[in-house]
Amino acid sequence: MKVVRFHAPGDVRIEDMAEPTPGPGDVKIRVRNCSTCGTDVKISKFGHHHIHPPRVMGHEIAGEVVETGADVTGWAAGDRVQVIAAIPCGTCAECRRGRMTVCPNQESMGYHYEGGFAQYLVVPAKVLAVNGLNRIPDGIGFAEASVAEPLACVLNGQELARVGTGDDVVIIGSGPIGCLHVRLARARGAARVFLVDLNRARLDMAAALVTPDAAICGTEVDPVDEILKLTEGRGADVIITAAASGAAQEQGIQMAARQGRISFFGGLPKDNPIIACDSNLVHYRELTIVGANGSSPAHNAEALRLIATGAVPVADLITHRLPLDQAIDALGIVARGEAIKVTIEP
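Residues numbered from 1 in each chain as written. Predicted model: local features only at pLDDT ≥ 70, side-chain atom pairs only at ≥ 80, totals over all residues. Heavy atoms only, no water.

Enquirer: Is there a simple way to think about the sheet that holds strand β4 (residues 55–56) in this case?
Expert: Strand pairing within a sheet occurs via backbone hydrogen bonds; the two strands may be parallel or antiparallel. Read from one edge of the open sheet, 3 strands run β2-β1-β4, paired in antiparallel fashion. Each having just a single partner strand, β2 (11–16) and β4 make up the two edges of the open sheet. Pairing between strand β1 (residues 2–8) and β2: 6 bridges, direction antiparallel. If you follow V3 over to β2, its bridge partner there is E15. (Pairing = 2+ DSSP bridges. Helix = DSSP H or I, 4+ residues; strand = E, 2+ residues; numbered from the N terminus.)

Have a look at this one:
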């Protein structure tokens, strides 16, 4: 079968590989869609400490069951499924407390196991053990189902930041994650949602699809001043930094209303992870700063439900659909910010 395989930083190849065979507790699927994200680009350029090459890339996976292991029950050939990316162990102290997103033993598709940029994929028994293989509801396609994985991460972030009815919400970063944050915030009852980005072209492309209440270009105006104007000086209830930017995190603190919540959703480069925090703002305004890291199997199931019910539309966010032999081109499109969501159809 054809696969997209990481060999070393800067060395990603489309090549042939033997079709996999499931073990007794595994499920083999025919991959129908595996969508791309900025993490795929980072892996292609820099590698990842959990990836021991060669490794098939791709972790936003949807497809149909073609074969089940001898010990597997409840699944059959033809079932349409979405696969979690982050696999918690299900047994550690954090998992037993329901904190599966911070499982210290977490493994991942496309990192520890072969990923979805392939014609076929074996879903390991560990995924089934934590209810990480989800049935795709009727009425949504494989491409939409593949977006459930990033939406699950967005859902985790907004739950932690307590986005709710009547909130003014700022999303900093207008990539695919930022767009999903805008739509989910609306679904959770936000009063107004503002979208901020430094790149005018990318901001305009995103705003045309998700129609925020205001689209603010950070190279043209001061985002903090603009948010304070839009909120009559009060500030925003929730700020989500959907960008790998320390400056965005610092601005998020400055534009927060009293008892506001700031989500550091996007991680920072490892060689520059330190920001300046005005501790008095946090103290006197009673601010909450919260991290967000991935998603749980339950978040993936809920994300599929939100897509299927139309609460969070995603089909129009998929701006590019490319075959497997153009997957390396797809990474370039993502890296250049020329698309919202790019999906690969093996």
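Enquirer: How should I be thinking about the state of the cysteines in this particular structure?
Expert: Here a disulfide denotes a covalent bond joining the sulfur atom of one cysteine to the sulfur atom of another. Taken as a whole and assessed by the stated rule, the structure comprises 0 disulfides. Its sulfur unpaired, C34 is 9.2 Å from the next cysteine sulfur, which belongs to C37. Cysteine C92 is unpaired, with the sulfur of C95 as its nearest cysteine sulfur at 3.7 Å. (Disulfide = S-S within 2.5 Å.)

Enquirer: I keep staring at the side chain of E60 and nothing clicks. Help me out?
Expert: Relative to the assigned elements, E60 resides in strand β5 (residues 60–68). Its relative accessible area of 1% is what places E60 among the buried residues. There is a polar contact of 2.9 Å between the side chain of E60 and the side chain of K341. The contacts of E60, once residues within four sequence positions are left out, are N33, C34, S35, T36, C37, S146, E149, P150 and K341. (Buried < 20%, exposed > 50% of the residue type's maximum accessible area, 1.4 Å probe, protein only. Polar contact = N/O pair within 3.5 Å; in protein donor to acceptor, adjacent residues only side chain to side chain. Contact = heavy atoms within 4.5 Å.)

Enquirer: What's the story with empty space enclosed by the protein in this structure? I'm lost.
Expert: To find leftover empty space, one rolls a probe the size of a water molecule over the atoms. Throughout the structure, instances matching the rule amount to 1 cavity of 30 Å³ or more. Of the voids in this model, the largest cavity is the one considered here, and its volume is about 30 Å³. Residue lining of the largest cavity: V147, P176, L180, L317, I340 and K341, and that is the complete set. (1 Å grid on protein atoms, 1.4 Å probe; cavity = no way out; pocket = protein on both sides within 12 Å on 5 of 7 lines; lining within 4 Å. Points joined across faces, edges and corners; volume = space filled by probe spheres on them.)

Enquirer: What am I meant to see in the packing of aromatic side chains here?
Expert: All told, the structure shown has 0 aromatic pairs when counted by the stated rule. Looking at K28, its charged tip hangs above the ring of Y120, at a distance of 4.9 Å from the centre. A cation over a ring is seen here: R135 above W75, with NZ or CZ 4.1 Å from the ring centre. (Phe/Tyr/Trp six-rings, centres within 6.5 Å; stacked < 30°, edge-to-face > 60°. Lys NZ or Arg CZ within 6 Å of the ring centre and 35° of its normal.)

Geometric descriptors of this kind do not, in isolation, establish any biological role.
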